[in-house]
Each structure stands twice: as structure tokens, then as C-alpha cells.
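If you want the building blocks of each chain, they are given just below.
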Amino acid sequence: MFNRLSIIIGGPQGAGLETSAQILTYSLAYLRYGVISDREYFSNIKGRHSYVHFNISSEQIPTSLTYPVQLIAALDHETVFTHFDSLEEGGVITYDVFTEEKTLDTTPSMEEDLKIRLRKIFKELGIDGSIKSLVRYISEDKKIHSVPLNYSEIINEAAKKLVLPASQAARYVSSIIIGAVSGLTNVKKKAIEYSLARRFYDRPELAQQNKVIVETVYDKVVREHGPILELAPSKLNHREMMIVSGNDIVAMAKTVGGVRFQSYYPITPAADESFTIESYEKLEVDGLEIGSILVLQTEDEIAAITSAIGAALTGARASTSTSGPGFSLMVEGLGWAGMNEAPVVITYYQRGGPSTGLPTRGSQSDLLFTLYASHGEFPRIVLASGDHLEAFYDAIEAFNLAERYQTPVIHLLDKFLANSIVTLPVPDLSNINIDRGLIIHNGGADYKRFNLSTTISPRAFIGSNCIMWYTGDEHNELGHIDEDPENREKMYRKRMEKIKIADEEIPEEKRLTYYGPEDADVLLVGWGFVKGVALDALKTLAVKGIRTAYLHIRMFSPFPSKSVEKLLERFDKSKVITVEHNYLAQAGKAILINTGVRITKEVVKYTGRPIYLNELVDGVLKILKGEDRVVLTYGP
Amino acid sequence: MARKPSDYQSDIWNDWCPGCGDFGIVAAMYRAFSELDLPPEKTVIVSGIGCSGKTPHFVKVNGVHTLHGRAIPFATGIKLANPELTVIVNGGDGDLLGIGVGHFVALGRRNIDLTIILHNNTVYGLTKGQASPTLRRGLRPKALPKPNIQDAVNPVSLALASGFTFVARGYSMMTEHLKELIKEAIQHKGAALIDVLQPCVTYDNIHTVEYYKKRVYKLEDTGWNPKVEKIEEKEEKIVKAWMKSQEYDDKIPIGVFYQDPHTPSFEERIKERIPSYLETPPARQKIEREGKTIIDSEAFRKIFSYYIVETE
Amino acid sequence: MGESVECNKCLHFTVHPSYPYIVICVDLGQVVAQPREACRNYVSKTWDRLIKQLSESGFLYCVECSRPIFNEEELRKHKTEFIPFEFFTDEVAYEEAPSGD
Ligand SMILES: Cc1ncc(C[n+]2csc(CCOP(=O)(O)OP(=O)(O)O)c2C)c(N)n1
Ligand code: SF4
Ligand SMILES: [Mg+2]
Ligand SMILES: [Zn+2]
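Residues numbered from 1 in each chain as written. Chains lettered and ligands numbered in written order. Predicted model: local features only at pLDDT ≥ 70, side-chain atom pairs only at ≥ 80, totals over all residues. Heavy atoms only, no water.

### Concerning the coordination of the zinc ion (ligand 4)
Residue and element names in this part refer to chain C.
Turning to step 1, where the next piece is worked out: Those donors, Cys 62 (SG), Cys 65 (SG), His 78 (ND1) and Glu 81 (OE), are the protein atoms that reach the zinc ion (ligand 4), and they lie 1.8 to 2.2 Å from it.
Turning to step 2, where the next piece is worked out: Taken together, the four donor atoms surrounding the zinc ion (ligand 4) define angles of 97 to 116 degrees at the centre, an arrangement classified as tetrahedral.
Turning to step 3, where the next piece is worked out: Between the donor residues of the zinc ion (ligand 4), the gaps in sequence give the motif C-x2-C-x12-H-x2-E.
Turning to step 4, where the next piece is worked out: We classify Cys 65 as partly exposed; its relative accessible area is 30%. (Donors = N, O, S within 2.8 Å, 3.2 Å for Na, K, Ca; no water. Tetrahedral: all angles 85-135°; square planar, octahedral: opposite > 155°, others 65-115°. Buried < 20%, exposed > 50% of the residue type's maximum accessible area, 1.4 Å probe, protein only.)

Now the structure itself:
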């Protein structure tokens, strides 16, 4: 029995993979397993190869993904070609016998680069390159257990018994995968039934049809192969579990945090967040409306940020969500918000750049961009979350900080988090505060929006009982254009000093976390999605006798300089390593700028795929052997 | 006690060139605001960048002087977050029809209850007289090194094509007439454009006061009826208005070209989806109770039950 | 045309907004010497004419104070100061003007 399993299910985009992944995740959560899954896909709607990479545990909620995997379930032959190499010895592959004669030549959707690499491998292995030859090779040489299934036969059998509407055809194939995976891992039928009912709550007939297919495959697999990868019963005892993507959890957080105006222009991987918020535009509890949210799809990202700023001026909590190309367009608006001390939140899901880059792949290459974007100088707060739970709390805190310091807040996330789906306990809401900062409801005739008597001036809303002016030009206390050098100096300083106040008020412990033994020898430094894999790496390295700690940075502006500096001092310089999804090791640069301490060792990855546990551990070992820089590339 | 036009004048020294048509526009605004008795604290002027962009500083109502081309989306956020506000946009022809033209078109599609006052001076005033998108091909106002080789966009035609439901043209030196247009535009429930012919005395030696004096005539004097009386008439009226908008040489019509009171405003469309929208729009909702979120754990579980799995 | 009227009471009389000592006749389109006797194109700039102009174009401009005038009350305050009826087109301003924003 397995306490931990890594699984890949793969298939053509837009053809049932999502449903398989969803049903399996629901089922695993129902049985109290901890799950994290990463979705890898092309910038394409239909036909190219995509896959979901699961890490399942009966002992904890896993935080990272790793290779090799124990099971590959293939909806098509491209999945077999792409992933066969990721299987652990003794692992299992399930595939469609119908595809056995397929070769790379009959796989037009595959990128030529991979074909060239594979042809070379096949030649070295001396196989003809058909699925059949490949499966035979891995079965014999790598002791892989193959579970061939006849997909068309299964569907035909089902079609004899049931009326299967053609429009749902892809769903039946996804049910074959569900049946195979659940049979092999001994996920109970009851759990699948529960999940199907949940997924198709509005169409019970679909749930029923799929159940029949799942059970047919399940029985067949168990009968012919047995539950080879049986999962140990879960030791976790949650009574309820949330299943959420990063986009989902941020949408929920914003709702809790009081967002009332969300604008966006569609972009991967941010748009789903706005869709989710829009589906909750009426916040109802027991049929009673407790609030509503206006979600506006704008004509571009310039309109997205500027309309959000406009809404913020009237007192609504306002935000926009985007990714790199969109943020590039928002930069001028960001500066206006800085100049006018407008509290606006920008949720920024990083993806691979520059330009369109790798639009559906993850990256952490926009840290320095967000820290310095826009001309001129003005304070901004930059938060970066490491996992779903942090993203939840940070998304709420972003509004508090924006209003408290009257400044734009950038909440940095990435595609990895946006699209990875995890099981998560329902977050504790009792400690969440709503801090609206210094607000004046009764500004009256003498109101001055930029009153210089305090660094943070009381903010009145447009539409309250006073009038005010805003301008992107340098302005006086009233908000009128003013180029006088003395006024300029005072206003400039007033704005800039807000970040000093934020730095004094926000405890540094909230801006970073140190994980691991106090007397560790090795320190990993990272941010964002690196957190999960770094935490798992600490454990693996500890088993190898390497006492390792992880410094997680959660706020880059204001930067927790004192704590970082103090922490770094404790370590031997050759054993401090930044781990990041970018080329420059940007957090390392931010540390250098803020503390003067240069980190000379780095493990980086910029292929757009997440850092996997296995490669991170290898990378750290190489650094400890004397390398300065390790570039990771694992993952198809 | 009704507010006088002078009650809307701010104390800021107005630094437009002496004789600039912008003075006529702001004068018409003072008068229109006074006649509508707009409460300054419930009125917002949103502007772009340019000579025209300075307008809000000269008026004693809320003023938001934004970015070049972006007045409309700023105004969109302000209006949608608090629809009880009267929101007016002042923008240059470069601002609204050059760098910001995408927002102009998008506003038509949404029909948000905003009044757009376009300062049409055929030049980029504040950057020293370059050709604006309303300058016709072949013309050469004095600052241009060579005659303009780009064609002009016709603001009235474009507004009609974009879906604006109130489309008018005024002339900055006919303030009383312009004032009436502004009043009508503000009272109209939907996106309203007033294309204001505005002589730039410093850079435009072609479209001078003399030039317009000879050409401008009032539509209403010709018996023009801009109003879509019944929704079935919409197509016919819009075609007529569009054809009228093409008249731009020897004679230049001013007045209301088109008005459609039937197409629902964006605010009404939102209300269809969120019935409480107008009573409790985004800006007027309470989002906390004694510093705590109004969504507690119980409410959270109820709202987001879709995401929560009860385990075995 | 009355006898010995001064040119500066004429509707066509204006001054350079930045250098009010330069006197310009809009009608002739030229700089004229001051003081000067009115010519036969003289149109008397009466209070009524100013009021009419104010209500039509919505504003007048006091060159001495460099301020726009938007209503009668304001006009009265500037009554003794120089308020041109028309502005001349300054052909060089664009070459001399800096730019902004
Ligand atoms: C993004 C950006 N590009 C360029 C400018 C420079 N700029 C300032 S005003 C202006 C043009 C103003 O012309 P218009 O919009 O017609 O207004 P006007 O001055 O004629 O009233 C430009 C291009 C700017 N402020 N911002
Ligand atoms: S440059 Fe032209 S538009 Fe600008 S203030 Fe002067 S006259 Fe008016
Ligand atoms: Mg212009
Ligand atoms: Zn005066």
C-alpha cells in the first residue's frame, strides 16, 4: 500500500481531461487524502497535449510535485510518448490499445523538438517507435506494469446499454480514465459516485451514464490487474475539505475582503478569478443578500486599472486582475494611483515572458518589474504569496494595506498557483480584520484631500459631503496643480514617507517566514510557489543529513530588510541559495538592493514548468558540491 | 436657494490663452450646472490631459484630472461605483479620439450615463499644435511643418456608430446654445457626446471664430427632430443623423443630431442582474462590522459550498 | 462718426495680451500707434455691446488682470480696465510657446 502517489493523466486539450481531474480530486478529498495537482497546457484550445500532475498523500496535504510518477493514465498516444520516461520502475501505465500502431509520424500535434529528441531515444533503444514497441520496452526493461484498455469497446458496450448523447462524448473517455485510476489505486466507488453526482448536480442522467462507464472499467481493471497502486487509508481527519485553484481562492478572499468593484480584461492565467467573482456577484446567505460585486470586463487593461481607481475614489474596495502583458499596459495608471494616493489592488499572476512568452506556463520573472514599474517615484506595497492559504489571507490584507497606506498594492502570484488545484481546510476567518484606514465622512467645506498636517491624510470619498480634486500633476493640498519647489518637496516627501510608516507598522515576521531548524547549515531563500517544494526539500535533505532551512519572503515592499540581513549573517555564504522561477534570481537582487548582502548561489528554472522536488534536491546537492548556479529543466 | 453660475467658479487662476474657446465651454458649464442646480459634492468632472484636461480645476465640483486618453474609463469606475453621481468628462480631440478612442467606442457599447464634452480644436494644444484626429487631410495649421496627410475622424459619426444614445455638436462661442446642449446631455440617461467646436487661438489659424461664424447653423432652425420617438424608428433616425453628420464643409450643423431614450443604460442593465444595485451600489455598501468582515465562517461555508467537500 | 474720438474706445481696438503697451487694431490687422484718433471704421465699444458679447460667447477677458470674466457682476469690477472685444491671432505665439503635460 502506498502512502504517497504521483500520477499523471494526459490527453488532448479540450477533450475530457479537466473532468477526469476534477472527479478524481473530489473523490480523493472525499476520502480525506491530501492532494495537489498542477495543470500543464499549451496556449491552444483544442488538440494539443495537456496533462495534470497529481501528488496524493494519506499522511499530509502535499505541497509539491515530484518525479518519477507511479501511474500514467493516457487518454491518447501523445501522452504515452510524452511521459513514458517519467515512470518509476514498477509503475503502471494505462492506455488505449487502439493507439498501439501509432507513431510519432501519426502524432501531428506534438512539437517537432520533442519528436527529434524521442526519435533519437527510440533509435538508441532499437525500437520501431510505435506505441506497442514503446510499451513493450518499458514493460520489459523498466518493469512497468501495462494496463491496456480497449476504449472503443468500452464505449460501444456502454452505448448498447445506455443512451449516450454525442455532445458529451469526451466525458465518456474521461470516465474510462477515472475508472482505471480509481480501480488501480483502490479509490472507493462510493467516492466516485459522490463526485459524479456533485459534478453533474444539474444533470443527474450524465452522472448516471458516467457512473456506469467508470464502474465497468473499475471492475475490469481490478479483476485483471488488481489494485496494484492501492492507497493506504488516509490518516488525515478533516471533516470537510475545500478543493480550490489559486484563482478560486483569491476570488473567495476578495469577496470576504469586501471587494465591490472588480475590473479585468481577459488574460491567462488571471481571467478565471474574475469569472468566479462574477458568478458570486450577488452575495446571498439563506436567500438574503448581504452584498453585491460589480465585475466589469473592460476594453483593455488600461481601462481595467483606471476604472478600478475611479471606483476606489468613491470609496468602493476595487481591484483588477491581470498577468504580465496586461500589467505592462497598466503601468501608467499605477503611477496615477501612486501620485493620487488611491487605494487600488492589482492581482498579478505571473506567466512566462517576455512578450507573449509562455502564456500558459508559470514564471516568477516579474518581481523587479512590479517593484519599479512606472516612471517617477512613489510608494507601493508588493505582496507575494507562496501557497493557496497565503494567497487567501494576502488577497484580503492587500485591501487593508491599500486603504491604510493609501497606495496601490500589487499582489504577486503566478500561473503555478493560479492553476494548481489543492485540497485545503476551510480557512479560519475569525482573525481577519477589515482596516479601512483613515477615512473622513464629514469633510465639509474646508476639506483638503492632501492635507499636509499628517503624512497620511484623512481620505474622503467622492460623493460624500465635500468636494476634492485629484490630478496626476504635482498638486497642492487641495489637489490643484502646483509646481512650486517647496510644495513639490513637501508633497513628494509626504508620499514617499508612507512606505516608511508601513515599514514601521507591519511587523517583519509577517513579511517573511523562516522554516526549519534554528541551527541549520544550509539556507534556501525563495518566494511565491517555490515555498511548497522548498518545504518538502527540507525534509528530504534532512533525511540525507543536511540540515536545511527555508527563508520565505512574502512582502517585497516594504522589504523586511533587518530580519533578512540578520538571518543571512548566520549562514556560511556558500550555503545560502536562492531558488526561483526566473533567470536573474530576482529575489536575490531585491535582497542585495535592500540589504547590501549578495547571495552568490542560485538554483533557477525558467522552462515554465514548476520546480519539482527531485530536481530541487539534486540542485541543492550540486551547489553544496561547489557549483554556483544550477539551472533546472525537468518536466515535459 | 439655487446655485448661481459663479458658485461653480473655482479660485484657481485660469491659464488658458486669452480668447481660447475653452473659456466658452467652461462658461457654458457654469451656466448649465447652475440651471440644473447640481450639488457640487455629487458632481464630478473627469478630464484627460491637454489644455482641455485642466477644466476640472476651474470648476468648483469634484474634479479628477486623469491620464492622457483615460478620462472615460476613470469616469466609468466612478459612475458605476456610485451611480447617484453626475459625471461629466472633458477631453481634447487628441485625448478622446486619438490615444483614448478605444474607450470612446467602448462607452458607446455600454451606454453608461456619462456626458462627454469633446474640446474639438483640431490640434494638440498643450503639446504645441500638432494635428489632432479631427484635423482634415491637406490642412496645415501654422505649427505643422507639412500639411496633414491623415484623414480626420468625424466625432458625431463615430459616436453614432459606437452606440452613443445622445449625440450633439455645439460651438464654444455660442455659450447659451452650448449650455442647453450640456443640460440636455446631463439629463439624458445614457452615453452622451457633445462635440464642441473650439477655436484654439494660438495654434489653429484655420478654424477661427471668423471661420465658424460663417458656417455654423442650428439644426433646430431647420426643423430637425433628433429624437427616436419609438424604438422601431431607431434605424431610420440613426441613418439620417449619420448622413447629417457628413455635412461639414460650407455649412456646419450644430445642435442635437440624435437622441435615443429607449436603449437601456448600463446602470439599468446591471440592475437587471443585481436588483439592489442602484440602492446599494459598490461605493455605498458596508463591508465590515466593527472591523470584522461581514462574511463570517458560517456565511463563507454557505456562499462557497460548491467548493467544499464533506469527507466520508 | 463723431469728432475727435480716441481709437481706444473702438470695438476693434485690442492689445497684445502679454504686452499691453502694444496696441493692435483687429480690423486693420496691424499695430497702431497710441494714442490715435479714431478712423472711419470706428465702432464704439459700449457697455451694452460688452454685455451682449458676454452673454453670447459666455466670457470676456480682462487683459489688465489676466482673468476671464464670466458674468455681469465680474464685468462691472473690471469696468475701468481694458477688456478687448476681440482677440487677434498671434502668428508667432506658436513658435515662442513651450509645451506642457
Ligand atoms: C501617454 C502620454 N503621451 C503623450 C502625452 C503628451 N501630451 C500631453 S497633452 C497632449 C495632447 C493634447 O491634445 P488634445 O487632447 O487635443 O487636448 P488639447 O490640449 O488640444 O485640449 C499630449 C500628446 C502625455 N501626457 N501622455
Ligand atoms: S493652446 Fe489653444 S487650446 Fe490651448 S489654451 Fe491656448 S488657445 Fe486654448
Ligand atoms: Mg485638441
Ligand atoms: Zn481687470
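### Considering the side chain of B:Asn90
Residue and element names in this part refer to chain B.
Turning to step 1, where the next piece is worked out: Within the element layout of this structure, Asn 90 appears in strand S3 (residues 86–92).
Turning to step 2, where the next piece is worked out: When its relative accessible area of 0% is taken as the criterion, Asn 90 is described as buried.
Turning to step 3, where the next piece is worked out: Setting aside residues no more than four positions away along its own chain, Asn 90 makes contact with Ile 25, Met 29, Ile 45, Val 46, Ser 47, Gly 48, Ser 52, Thr 55, Ile 117 and His 119. (Helix = DSSP H or I, 4+ residues; strand = E, 2+ residues; numbered from the N terminus. Contact = heavy atoms within 4.5 Å.)

### Examining the pattern of salt bridges
Turning to step 1, where the next piece is worked out: Here the structure, examined in full by the defined rule, presents 69 salt bridges over all chains.
Turning to step 2, where the next piece is worked out: Here A:Glu518 and A:Arg570 are joined by a salt bridge, their closest N and O atoms 3.4 Å apart. Taken together, the residues span a long stretch of sequence, with A:Glu518 in the loop between strand S19 (512–515) and strand S20 (522–527) and A:Arg570 in the loop between helix H18 (561–569) and strand S23 (576–580) at a distance of 52 residues.
Turning to step 3, where the next piece is worked out: The partner of B:Lys189 in a salt bridge is B:Asp113, with the nearest N and O atoms 3.6 Å apart. You can see B:Lys189 sitting in the loop between helix H6 (175–187) and strand S8 (192–197) and its partner B:Asp113 sitting in the loop between helix H4 (101–110) and strand S4 (115–120), a full 76 residues away along the chain.
Turning to step 4, where the next piece is worked out: Among the residues examined, B:Lys189 registers a relative accessible area of 55% and is labelled exposed.
Turning to step 5, where the next piece is worked out: Overall, the relative accessible area of 11% leaves B:Asp113 in the buried class.
Turning to step 6, where the next piece is worked out: If you follow the salt bridges from partner to partner, you end up with B:Arg31, B:Glu35, B:Glu176, B:Lys179, B:Glu180 and B:Lys183 in one network. (Salt bridge = Lys/Arg side-chain N within 4 Å of Asp/Glu carboxyl O.)

### Focus on the packing of helix H6 (residues 169–185) of chain A against helix H8 (residues 204–225) of chain A
Residue and element names in this part refer to chain A.
Turning to step 1, where the next piece is worked out: Their axes nearest at 7 Å, the elements H6 and H8 cross at an angle of 40 degrees. Looking at the two axes, H6 sits oblique to H8. Judged by the sense of rotation from one axis to the other, the crossing of H6 with H8 is right-handed. Contacts between H6 and H8 involve Arg 171, Tyr 172, Ser 175, Ile 176, Ile 178, Gly 179, Ala 180, Ser 182, Gly 183 and Leu 184 from the former and Leu 206, Gln 209, Asn 210, Ile 213, Val 214, Val 217, Tyr 218, Val 221 and Val 222 from the latter.
Turning to step 2, where the next piece is worked out: A class-by-class count of the residues in the contact of H6 with H8 yields 12 nonpolar, six polar and one charged. (Axes fitted to C-alpha atoms, helices over the stretch in contact; angles between N-to-C directions. Parallel < 35°, antiparallel > 145°, perpendicular 65-115°, else oblique. Left-handed = near helix turned anticlockwise from the far one by under 90°. Nonpolar A, V, L, I, M, F, W, Y, C, P; charged D, E, K, R; others polar.)

### A closer look at the sheet that holds strand S3 (residues 30–31) of chain C
Turning to step 1, where the next piece is worked out: What the three strands build is an open sheet, ordered S1-S2-S3 (chain C); its pairing is antiparallel. Two strands lie at the open edges of the sheet, namely strand S1 (13–15) and S3 of chain C, each paired on one side alone. (Pairing = 2+ DSSP bridges.)

### Quick word on the site of ligand 2
Turning to step 1, where the next piece is worked out: Every residue near ligand 2 is listed here: B:Trp16, B:Cys17, B:Cys20, B:Cys51, B:Asn121, B:Gln198, B:Cys200, B:Val201, B:Thr202 and B:Tyr203.
Turning to step 2, where the next piece is worked out: Grouping the amino acids of the shell around ligand 2 by side-chain chemistry returns seven nonpolar, three polar and no charged. (Near = heavy atom within 4 Å.)

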